[in-house]
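As a plain string of letters, each chain reads:
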Amino acid sequence: MALKAGIVGLPNVGKSTLFNCLSSAKAQAANFPFCTIDAQLGQVSVPDERLTKLAEIVHPGRIVPAVCDIVDIAGLVKGASKGEGLGNQFLGNIRECDAIIHVLRCFDNDNIVHVDGNVNPVRDKEIIDMELQIKDLETVEARMKRIEKAARVGGDKQAKIELGVLEAYRAALLEGKSARTVTFDTEDEEAAARSLFLLTTKPVLYVCNVDDKSASTGNEHTEAVKKAIEGENAEMIIISAQTEADIAELESYEEKQMFLEDMGLSESGCNRLIKAIYHLLTLQTFITAGEMEVKAWTFRKGWKAPQCAGVIHTDFEKGFIRAQVIKYDDYIKYGSEAAVREAGKMAIEGKDYVVQDGDIMHFLFNV
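Report follows, based on the coordinates.

What counts and what doesn't
Residues numbered from 1 in each chain as written. Predicted model: local features only at pLDDT ≥ 70, side-chain atom pairs only at ≥ 80, totals over all residues. Heavy atoms only, no water. Helix = DSSP H or I, 4+ residues; strand = E, 2+ residues; numbered from the N terminus. Buried < 20%, exposed > 50% of the residue type's maximum accessible area, 1.4 Å probe, protein only. Contact = heavy atoms within 4.5 Å. Areas by Shrake-Rupley, 256 points an atom, 1.4 Å probe, with all protein chains shown as cover. Salt bridge = Lys/Arg side-chain N within 4 Å of Asp/Glu carboxyl O. Expected span 1.5 Å × (residues − 1). Polar contact = N/O pair within 3.5 Å; in protein donor to acceptor, adjacent residues only side chain to side chain. Phe/Tyr/Trp six-rings, centres within 6.5 Å; stacked < 30°, edge-to-face > 60°. Core = buried A, V, L, I, M, F, W, Y, C linked by side-chain atoms within 4.5 Å.

A short note on the overall build of the protein
Per the secondary structure count, the protein includes 14 helices and twelve strands. Relative to its 367 residues, the protein shows a buried fraction of 49%. When contacts within the protein are restricted to residue pairs at least 6 apart in sequence, long-range pairs at least 24 apart make up 70% of them. Carbon together with sulfur atoms contributes 48% to the accessible area of the protein, which is approximately 18300 Å² in total.

Remarks on the pattern of salt bridges
Under the counting rule described, the total for this entry stands at 16 salt bridges. Among the salt bridges present, the one from D124 reaches R123, with a minimum N-O distance of 3.1 Å. R341 is the salt-bridge partner of E337, the closest N and O atoms lying 3.3 Å from each other. Of this pair, E337 and R341 both sit in helix α14 (residues 337–342), separated by four residues, roughly a single helical turn. The exposure class of E337 is partly exposed, given its relative accessible area of 31%. One network of salt bridges, in which partners are shared, links K125, D129, R180 and E232.

Looking at the environment of T282
Topologically, T282 is positioned in the loop between α10 (269–280) and β8 (283–289). C-alpha separation for the pair T282 and G302, spaced 20 residues apart in sequence, amounts to 8.9 Å. Excluding residues within four positions of it along the chain, T282 makes contact with F299, R300 and K301.

Quick look at helix α5 (residues 157–174)
An ideal rise of 1.5 Å per residue puts 26 Å on 18 residues; α5 measures up with 26 Å between its terminal C-alpha atoms. Residues of α5 that are buried: A159, I161, E162, L163, V165, L166, Y169, A172 and L173. If you follow the buried residues of α5, they end up packed against α4 (121–152) and α6 (187–194). With a side-chain oxygen positioned 3.0 Å from the backbone nitrogen of Q158, the residue opening α5 is D156. Just past α5, the residue G176 takes up positive phi, approximately 80°.

A look at the packing of aromatic side chains
All chains considered together, the criterion is met by six aromatic pairs. Residues F286 and F363 carry aromatic rings whose centres are separated by 5.8 Å and whose planes lie at 85° to one another, so their mutual orientation is edge-to-face. One end of the pair, F286, is in strand β8; the other, F363, is in strand β12 (residues 360–365), and 77 residues separate them in sequence. In this structure F286 comes out as buried when scored by relative accessible area, which is 0%. For F363, a relative accessible area of 7% corresponds to the buried category. A connected cluster of aromatic rings, assembled from ring pairs, spans F286, W297, F299, F320 and F363.

Digging into the nonpolar core
Buried together is how nonpolar side chains tend to be arranged in soluble globular proteins. Counting 64 residues, the largest nonpolar core has I70, I101, V207, L273 and I277 as the members making the most contacts within it. Excluding residues within four positions of it along the chain, V207 makes contact with L18, I101, H102, V103, L104, I237, I239 and L273. Membership of the second largest hydrophobic core comes to 20 residues, among which are M144, I161, V165 and L173.

Here's what the structure looks like:
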């Protein structure tokens, strides 16, 4: 399944530097606003140590990790909801993304211009929040005008449900809250909410971009952000984009690990970021393992076996018969598929099986 995350933030907060570290694409990075004008797309592999371990056993022709598309979106400024700066383009690009990576400047450096004159990540966050909320409020109020008569006078049941959802969103947005802070009790309400495609319902990962000294500990700026997003249903990680850029320049795995250890880090910030996006979107991975390839496949937590089969090919889902499932730990423990079978650790699962993260799957189907 395709996944796209958009990197957003004010100009000069480190978006393009982070994007360059994450992907093989190279966005221009410079010390002035709107350096990145067009949204630039890169693709990054999802880090998964399990694939390497399985490959050591299976000896496949290739290893194919899951991938995530990352979009570097032009910097937003105050007034974007009214078309200021590159606002309309920014909002259009963000609407196409599954998740938002919101980069906040949490470092002090007099040599790098801040668009608002001084470093204040909470203020910066609120600027972008407000612009997205204003646009969502316009969407909500326009929709309310279209369906209000049908809901209140015509007795349309579905229109009544949608109007209730719109009223809840409008109340939150008028209070300066994002739409994702609103929760609903019924499946009908949740379906109506999803159909609106509001900008502030998208899950957000706040990335606090710090100096290298704060990469493992954070600082007063990151503490302020942490407090500001409480109750927002969002996540936050701390990264030094410049440190990640330095790591990316190193050639060998050993050099990178030594660099991380010297920084007091166990894993690169880029790896942590991609894993955090997966967690934010409730995504998991099942694996297929054979002589041709060991491959990771992305699915949503809670999906059943036929849905996961459809990730490989729609025919697999249509003609699903059953699935052979080996737990990752069992595969590693016994050292081969044959040994797993002999130990009685291969399960035969039907249509109601809920696939688990790390399951090694083989689907049987008939079309």
